[in-house]
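# What the coordinates show
Listed below, chain by chain, are the residues.
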Amino acid sequence: SVLSQVAVVVGLGLVHRKLTRSMKILAIYFVLSLVLTAFQIAVALGHGKNLWTVEMFFPIEFILLILVFYFEFENPKMRLIISVCIALFVAIFAATIGWIGTLLRAFPYAKASADLSLVVASCYVLIDVVRHEETVPTKRPIFWVAAGNIVSFSGAAVFFALSGLLFQSPIGILRLAWSMQA
């Protein structure tokens, strides 16, 4: 995973001048994700707990990935849908923390809602790209960003929605579920 992240970051660094604004935002996301992964590995090697890093990174992750879509499209309807996704995320995130009391306990619900919002936005992006594209949709990078988001974040949304039950399961089941999600 780390090596693939390094390869992507190096590749993006080589072509950064040719990137659109939305792809530059995606490059920033990849760089931050690589730094986070390296930090998590360092903390784990020192036998420390690193779950808090995921809790702190997911709002940044959501905002960066949703902004990739926002800047990719000039369509006012698409930008409105993305703005609504951002507003819903902020409202759900704030309400969940207010209702539950702490980020640690609210995290699974807030993360699941953020992941679900990314999946919904990604589905709409795919539909929009396929409907309005004169060329083959798969030749546009945004198609692959949206498809990757659907695959990655739909599984993560289910995992975090069920995490309360998973954390009460035997450690073997939790490890299996975590490795499938990761």
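One structure accompanies this document, and this report is about it. Remember, predicted model here, so these are calculated numbers, not experimental data.

Parameters at a glance
Residues numbered from 1 in each chain as written. Predicted model: local features only at pLDDT ≥ 70, side-chain atom pairs only at ≥ 80, totals over all residues. Heavy atoms only, no water. Helix = DSSP H or I, 4+ residues; strand = E, 2+ residues; numbered from the N terminus. Contact = heavy atoms within 4.5 Å. Areas by Shrake-Rupley, 256 points an atom, 1.4 Å probe, with all protein chains shown as cover. Expected span 1.5 Å × (residues − 1). Buried < 20%, exposed > 50% of the residue type's maximum accessible area, 1.4 Å probe, protein only. Bend = angle between axes of the 7 residues up to and from the residue. Core = buried A, V, L, I, M, F, W, Y, C linked by side-chain atoms within 4.5 Å.

### Section: the overall build of the protein
Across its full length, the protein holds eight helices and zero strands. Of the regular secondary structure in the protein, the N- to C-terminal order runs α-α-α-α-α-α-α-α. Intrachain contacts of the protein at a sequence separation of at least 6 include 63% that bridge at least 24 residues. Only carbon and sulfur atoms are counted for the fraction: they give 72% of the accessible area of the protein, which is about 10700 Å².

### Considering helix α2 (residues 21-45)
Given a rise of 1.5 Å per residue, 25 residues ought to cover 36 Å, and the 36 Å separating the end C-alpha atoms of α2 matches this to within 8%. Three or more residues of α2 are buried, namely Ser 22, Met 23, Ile 25, Leu 26, Ala 27, Tyr 29, Ser 33, Leu 34, Leu 36, Thr 37, Gln 40 and Val 43. One or two steps after α2, the chain reaches His 47, where phi turns positive at roughly 65 degrees.

### Topic: helix α3 (residues 51-72)
Relative to the 32 Å expected for 22 residues at 1.5 Å per residue, α3 spans 32 Å between its end C-alpha atoms, a close match to the ideal helical length. The principal kink in α3, of about 35 degrees, is found at Phe 57, preceding the proline Pro 59 by one to four residues.

### Topic: the environment of Thr 53
Residue position: Thr 53 is located in helix α3. Remark: the alpha-carbon pair of Thr 53 and Gln 40, spanning 13 residues in sequence, is separated by 7.2 Å.

### Section: the nonpolar core
Judged by nonpolar contacts, the single largest core of 35 residues is most densely connected at Ile 66, Phe 69, Val 125 and Ile 142. Sorting the residues of this core by element identifies α2, α3, α4 (76-100), α5 (103-132) and α6 (141-161) as the ones contributing at least two each. Counting residues per element, this core draws most heavily on α5, which supplies nine residues. Once residues within four sequence positions are removed from consideration, Ile 66 is found in contact with Ile 82, Cys 85, Ile 86, Leu 118 and Ala 121.

### Topic: the environment of Leu 26
As for its placement among the helices and strands, Leu 26 is situated in helix α2. The class of Leu 26 is buried, set by a relative accessible area of 9%. As for Leu 26 and Glu 61, which are separated by 35 residues in sequence, their C-alpha atoms are 9.9 Å apart.

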